[in-house]
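Listed below are the residues making up each chain.
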Amino acid sequence: TLQSNTASRNGGAAYLEAGTLNISDGTLQQNSASQNGGAVYLGGGTLTLTGGTLQQNSAINGGAAYVDGGSIDLQQATFSQNTASQNGGAVAVNNGNFTMTGGLLENNSTQNGSGGGLYVSSTTSDVDVMIYSGVLQGNSSAVNGGALAVVGDPDSTSDITVQIGVNKHHLD
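Keep in mind the model is a prediction, meaning the values are calculated, not measured.

1. As for the pairing of strand β12 (residues 71-75)
Part 1 of the reasoning: Bridge count between strand β8 (residues 46-50) and β12: five bridges; the pairing is parallel. Looking across to β12, one finds that T50 is bridged to Q75.
Part 2 of the reasoning: Bridging between β12 and strand β16 (residues 97-106) involves five bridges; their strand directions are parallel. In the strand pairing of β16, S71 is matched with N97.

2. What to know about the packing of aromatic side chains
Part 1 of the reasoning: Overall, the coordinates contain two aromatic pairs when judged by the stated rule.
Part 2 of the reasoning: For the ring pair Y15 and Y41, a centre distance of 5.0 Å and an interplane angle of 5 degrees mean the geometry is stacked. Placement of the pair is Y15 in strand β3 (residues 14-16) and Y41 in strand β7 (residues 40-43), with a sequence separation of 26 residues.
Part 3 of the reasoning: Residue classification places Y15 among the partly exposed residues on the basis of a relative accessible area of 45%.
Part 4 of the reasoning: Between Y41 and Y66, the aromatic rings sit 5.6 Å apart at their centres with planes inclined by 10 degrees, giving stacked as the arrangement. One end of the pair, Y41, is in strand β7; the other, Y66, is in strand β11 (residues 65-68), with 25 residues separating them in the sequence.

3. Examining the environment of Q76
Part 1 of the reasoning: Examined against the element boundaries, Q76 turns out to sit in the loop between β12 and β13 (78-80).
Part 2 of the reasoning: Each C-alpha atom, one on Q76 and one on N144, is 26 Å from the other, the two residues being 68 residues apart in sequence.
Part 3 of the reasoning: With sequence-adjacent residues up to four places away left out, Q76 is seen in contact with G51, G52, T101, G102 and G103.

4. A short note on the nonpolar core
Part 1 of the reasoning: Membership of the largest hydrophobic core comes to 28 residues, with the highest contact counts inside it found for I72, F79, V91 and F98.
Part 2 of the reasoning: Not counting residues up to four positions away in its chain, the partners in contact with V91 are G62, A65, I72, F79, F98, G117, L118 and Y119.

5. Focus on the side chain of T48
Part 1 of the reasoning: With respect to the helices, strands and loops of the structure, T48 is situated in strand β8.
Part 2 of the reasoning: Residues within four places of T48 in sequence aside, it is in contact with L21, N22, I23, D73 and Q75.

6. Points about the sheet that holds β11
Part 1 of the reasoning: With parallel pairing, six strands are arranged side by side in an open sheet as β3-β7-β11-β15-β18-β20. At either end of the open sheet lies a strand with only one pairing partner, and these are β3 and β20 (148-152). Between one strand axis and the next, the sheet turns through 5 degrees on average, direction left out of account.
Part 2 of the reasoning: The pairing of strand β15 (residues 91-94) with strand β18 (residues 118-122) spans four bridges and is classified as parallel. Residue pairing in the sheet places V93 in a bridge with V120 of β18.

7. Topic: unusual backbone geometry
Part 1 of the reasoning: Positive phi outside glycine occurs at Q30, with the angle close to 55 degrees.
Part 2 of the reasoning: With respect to the helices, strands and loops of the structure, Q30 is situated in the loop between β5 (27-29) and β6 (32-33).
Part 3 of the reasoning: For Q30, a relative accessible area of 37% translates into the label partly exposed.
Part 4 of the reasoning: Despite not being glycine, N95 has its phi angle at roughly 55 degrees, a positive value.
Part 5 of the reasoning: Residue placement: N95 occurs in the loop between β15 and β16.

8. A closer look at the environment of Q81
Part 1 of the reasoning: With respect to the helices, strands and loops of the structure, Q81 is situated in the loop between β13 and β14 (83-84).
Part 2 of the reasoning: Here Q81 falls in the partly exposed class, since its relative accessible area comes to 41%.
Part 3 of the reasoning: With 41 residues separating them along the chain, Q81 and S122 place their C-alpha atoms 25 Å apart.
Part 4 of the reasoning: When residues no more than four places from it in sequence are discounted, the contact partners of Q81 are Q56, N57, E106, N107 and N108.

What counts and what doesn't
Residues numbered from 1 in each chain as written. Predicted model: local features only at pLDDT ≥ 70, side-chain atom pairs only at ≥ 80, totals over all residues. Heavy atoms only, no water. Pairing = 2+ DSSP bridges. Helix = DSSP H or I, 4+ residues; strand = E, 2+ residues; numbered from the N terminus. Phe/Tyr/Trp six-rings, centres within 6.5 Å; stacked < 30°, edge-to-face > 60°. Buried < 20%, exposed > 50% of the residue type's maximum accessible area, 1.4 Å probe, protein only. Contact = heavy atoms within 4.5 Å. Core = buried A, V, L, I, M, F, W, Y, C linked by side-chain atoms within 4.5 Å. Axes fitted to C-alpha atoms, helices over the stretch in contact; angles between N-to-C directions.

Set out below in structure tokens:
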């Protein structure tokens, strides 16, 4: 359990600039960051969460987790009651990939931004958002996308692909 930790910038409980971070069946709760990733900040690399719970975390962007230029893979993980004052009540992804297989994003919120459950943006790279299974429910946003907001730059040549309810095995 990583609980009640704070960071004056990014990653209230964990900060990873590159590499791989695997969390299995852990609890990250009541962590906060003054900028991004209330519980976890990933700047490149891969974050894999298998089982476990991220709850009651807070930050400006990515109440529980913020991914900048990397990939996040959620497998049966629960994100609940996380808050962001701007974007991504539970998770915010910038120029990175998001995969969800089972699990729950529930009762997360933004106070002044978009993507109560999940916020994904891309300005410089192609981005994939794959939600194979799982539930996004009870999330709220002050602006756009109570459960999910995907934002691209109209002047960019980057592609954003969103697939929901896709059988993972058909893509392999």
